[in-house]
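In case you want the letters, here they are:
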Amino acid sequence: MRPAIALCLLLTSTACDSEPPSSEVVAEPEITTAGSCADLERLVESAAVREMNADIDAIIDEIENGTDDGRVVPPVPAAAPTPSPAEDGARDYTTTNTQEPAVDEPDFVKNDGSRIFVLQGRLLVGLVSWPPESTRITFTSWIEGQPHSMLLHQNRLVVLSTLAIPGLTQPVDGSRFGPTAPYSPTNAVKITVLDVSSGTPAGVDQQYLEGSLLGARRSGSSVRVVTVAPRRGPTLLYWPESDTDWSSLSKARAAMERVREENVRRIRDSALSDWLPRAFTASPGGFASIERECSSFAASNAATRLGFTTVSTLELSSLATRHQTLVAKADMAYASPRFLYLAVGHEWYRSRAETRVREDHTYLFQFDLAGDEGGVTPVAAGSAPGTALNS
């Protein structure tokens, strides 16, 4: 793996379908692209079974060993799911502080020497700033959802916002959603592309990505937005549906093993589309689903938490978008002009009763940004002890 990224690592210690899940640290992880939809489905379902087994094992451990005060109170895990300046502009002006030359980062204020764009609450405010004595507001525009930040390239302004789409955890019926209260829980990221060449911004593209915003970067006319979506899938059980004699440890364990068997059946009977994150474009009266190729998903042999981290590449010149997804929940993203990196923490799938010392570990996944039409290609993986704090 090329040494193009420096992550600050905190070196700390933490302490078959029914087989105990493996959680050994993989010193030399690999990243591979899904060969087919069947391969991707097997990978996702196996990861879901592994996580479910770990949760059931933890509950059984609490049942058999009790709590510190002697009570038997098994924990119930949460259910599965949430710039180019104008000729007449200033010659010297400040922009967003960035970590990499030629890689712009999102901000709530953007300017190009002659114009300033500001996110204020749910409003986008545009100003003419040159000459200074003629600075004035030229427009205000309402942004859907809770605006987060922006990226500017020539006359294209990309606004990133978060919002809650009712029913996103079930098939979307195409009906529009209502306004989101400020700072309310959200389950999607909206990308709004505006043409700001005139005094009034004009929307030229809108996309909705399931999940939360992890980061965004711009290199030239290519914008890359990184989102993280939790796993979906069927509703799983973490408690027996029938009456159970909890005074008998053997009967309690048997009941929890039946829960495990039922969960495995539900997972194996599910369809691939039940699990994967969704993306939509705006269409008259609702949404139009963005279809994904299974080959646009990649996975690793490392023990990580099941989720989906998607790098969406938007080419501002053509408004074409391509998506690449890592089957894991990333904690951090970093980009240079040529590569993008995702940091993912190691997941320990072991009973808490085990006395073995556990060392935190971080996996790093490298993606090449020089693919055809701005595509993102997984190329390498590595690991390091510790937890990634920042980049």
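Scroll up for the structure.
Conventions used here
Residues numbered from 1 in each chain as written. Predicted model: local features only at pLDDT ≥ 70, side-chain atom pairs only at ≥ 80, totals over all residues. Heavy atoms only, no water. Helix = DSSP H or I, 4+ residues; strand = E, 2+ residues; numbered from the N terminus. Buried < 20%, exposed > 50% of the residue type's maximum accessible area, 1.4 Å probe, protein only. Contact = heavy atoms within 4.5 Å. Pairing = 2+ DSSP bridges. Axes fitted to C-alpha atoms, helices over the stretch in contact; angles between N-to-C directions. Phe/Tyr/Trp six-rings, centres within 6.5 Å; stacked < 30°, edge-to-face > 60°.

### Overview of the side chain of His361
As for its placement among the helices and strands, His361 is situated in strand 20 (residues 361-368). A relative accessible area of 12% places His361 in the buried class. His361 has contacts with Val25, Val344, Gly345, His346, Ser383, Ala384, Pro385 and Gly386, leaving out every residue within four places of it along the chain.

### Quick notes on the sheet that holds strand 4 (residues 115-120)
Pairing within the open sheet is antiparallel, and its 4 strands lie in the order 3-4-5-6. Strands at the two margins of the open sheet, each flanked by one partner only, are strand 3 (109-111) and strand 6 (136-142). Pairs of neighbouring strands in the sheet enclose a mean axial angle of 15 degrees, with direction left out of account. In this sheet, strand 5 (residues 123-128) lies alongside strand 4 in antiparallel orientation, the contact comprising 6 bridges. Looking at the pairing, Ile116 lines up with Leu127 of strand 5.

### Some words on the packing of aromatic side chains
Going through the model one piece at a time under the given rule, you end up with 5 aromatic pairs. Note on Phe117 and Phe139: the rings are 6.3 Å apart at their centroids and 40 degrees apart in plane angle, and the pair reads as tilted. With Phe117 in strand 4 and Phe139 in strand 6, the pair connects residues that are 22 residues apart, well separated along the chain. Owing to a relative accessible area of 9%, Phe139 belongs among the buried residues under this scheme. Grouping aromatic residues by their ring pairs yields a cluster made of Tyr208, Phe280 and Phe287.

### Here's the deal with unusual backbone geometry
Put simply, Trp130 and Pro131 share a cis peptide bond, and its omega is -5 degrees. Tracing the sequence through the fold places Pro131 in the loop between strand 5 and strand 6. Not every positive phi belongs to a glycine, and Ala102 is a case in point at roughly 70 degrees. One can find Ala102 in the loop between helix 1 (37-65) and strand 3. Located in the positive-phi region is Gln154, a residue other than glycine, with phi close to 50 degrees. The partly exposed category is assigned to Gln154, whose relative accessible area is 43%.

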